[in-house]
Amino acid sequence: MTTSPVEHLDVLIIGAGISGIGAAHYLHRDHPDRTYAVLEGRAAGGGTWDLFRYPGVRSDSDLHTFGYEFKPWRDEHAIAGADKILAYLRETAEEHGIDRNTRFHHHVRGVAWSGVDGRWTVEVDRTDIGEPVTLTASWLFFATGYYRYDEGFSPAFPGREHFAGPVVHPQHWPEDLDCAGKRVVVIGSGATAVTLVPALAATAAHVTMLQRTPSYILPVPSKDALGNRLRTLLGEERAYRLVRRKNIAQQRAIWWLCRHFPRQARRLIRWINTKQLPAGYPVDEHFNPPYDPWDQRLCLVPDGDLFTAIREGTASVVTDRITGFTASEVLLESGRALEADVVVTATGLNVRPFGGVGVAVDGEPVRLADTVAYKGMMLSGVPNLAFAVGYTTSSWTLKVGLLCEQFCRLLAHMDEHGHDVCVPTVPDTAMPTRPFLDFAAGYIQRAIGELPRQGDRAPWLTSMDYHSDVRLLRRAPVRDDANLRFTTHVPAGT
């Protein structure tokens, strides 16, 4: 009996969403002779933008910065729906041949590094044919994002089983759910909730956004008037570069203002909300969070659609806590009861770093919380493994693009010097560490013990500043004798 040889690739990219497609582009552009494949557990690419199907699903960042630096966003809407984003991603994959190197229904179960062999062994479940597959790779690039694709977060609401109507999490929106003419209660106050409420209010009898704690909500134009004008004057390529720079600066300025002058930022946001809401509206009850701006992500509403629905009376906001359910009501701590035909639990996500894939090095399982992230893209003590986690304070893809560039520069450096193994090593074992993401959002806090750590100094800091990352990831030398150990693998028996 003979066994088929195990297929080996230079790089395996895990995940075919916005990060994985971007990583594949940069890898093929800068290292066209390297073999690679993109492994995707689901049946289609696009990640988040293929998964979420709830009404109104859209970006909460402008597409001039959320889109790729190498591919202009051509639609007139800067804040766009999932259908347009998905079309953009699939067009990118097709244009650059990434779709031909993507393998769907490939669910990665575990990865194991062998120092003897100098490579990763990757165990894959082929969910389309029900058979396991084994691959090997010199490098792994995790582009899995950081949340679970198979389930969202739903708290245990008391008495929920008494409710007679559907209770739906947006991550699993039923195709046949029709809310037209119905009373809908959306539980939550984050980006998903503020997207759902105006979308449902267009046809529902009434939509109530029931929140335990308010969020900061800002209206923004769905179209970038200056960007659209520049495109007609300068052409798509030049206009895209200029608008991208403008929007990066704008995002950074807003974040800087919020972090350095939180009281003033809070007053400004409140003033904007007041102008958007009906006269006499209880702004401080429903739009005045107990935390400072950017302790959690700001929620953007294109063209103020949430505020429009509130002004028109098709939607309302209630700030209260749930105590129970009847067959047709949501019971609140204040004694109020909200009538409902449909309840939507827009209560957040479950974080699962590295897609839940088990990682082992020379037979020892890697516990992520025991590692420290190097430049926000590699793990201490783990050879030849990179990952992409974008910004939480601005457009996700801005960071991912820089990480992909750094990854390709790292490979070039290794080629130039004849190295094939790279391991980040913390030189000061007493270096203080803190969570990888300093972010107060509930979905991060619930998983803080499962994430890698970050240090108190570069290059072990997880930067959330684009300009600092440009200097570190795009311009600074790759060689880092104090923190990166490069070696050349010598096969056993030679």
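Above this text sits the structure in question.
Okay, so let's go over this structure. Residue indices follow the written sequence of each chain, beginning from 1 at its first position. pLDDT decides what is reported in this predicted model: residues at 70 or higher carry local features, side-chain atom pairs at 80 or more are listed and counted, and totals for whole chains, interfaces and linings draw on all residues regardless. Based on all heavy atoms of the structure, the side-chain values leave hydrogens and waters out of the count.

### Quick look at the pattern of salt bridges
A carboxyl oxygen of Asp or Glu within 4 Å of a side-chain nitrogen of Lys or Arg is what we treat as a salt bridge. According to the stated counting rule, one finds 30 salt bridges in the structure shown. As a salt-bridge pair, D125 and R109 come within 2.4 Å of each other at their nearest N and O atoms. Placement of D125 in strand β5 (residues 119–126) and of R109 in strand β4 (residues 106–114) is noted, with a sequence separation of 16 residues between them. Here the term buried applies to any residue with accessible area under 20% of the maximum for its type, exposed to any over 50%, and partly exposed to those in between, with areas from a 1.4 Å probe on protein chains only. Classification of D125 by relative accessible area gives partly exposed; the value is 26%. Judged by its relative accessible area of 41%, R109 is partly exposed. With its nearest N and O atoms 2.7 Å apart, the salt bridge here joins D284 to R270. In this pair, D284 sits in helix α9 (residues 283–286) while R270 sits in helix α8 (residues 262–276), placing the two residues 14 residues apart along the sequence. Of the residues examined, D284 reaches a relative accessible area of 43% and is grouped as partly exposed. Look at the salt bridges and you will find they share partners, linking R42, D50, R53 and R90 into a network. Runs of H or I in DSSP of at least four residues are treated as helices and runs of E of at least two as strands, each being numbered from the N terminus.

### As for helix α10 (residues 305–312)
Of the residues making up α10, those classed as buried are L306, F307, A309 and I310. Here the buried residues of α10 occupy an arc of 160 degrees about the axis, which is enough to place them on one side. We call two residues in contact when some of their heavy atoms are within 4.5 Å. Elements that come into contact with the buried residues of α10 comprise α5 (191–201), β11 (217–220), α8, β12 (299–302) and β13 (315–319). G313 sits one or two residues past α10 and shows a positive phi near 85 degrees. Working note: the arc is built from the helix axis to C-beta atom directions.

### Notes on the state of the cysteines
Disulfides are defined in this document as cysteine sulfur pairs within 2.5 Å. Taken as a whole, this structure holds zero disulfides when the rule is applied. Cysteine C422 shares no disulfide, and the gap to the nearest cysteine sulfur, in C408, comes to 14 Å. On the basis of relative accessible area, C422 is assigned to the buried category, the value being 0%.

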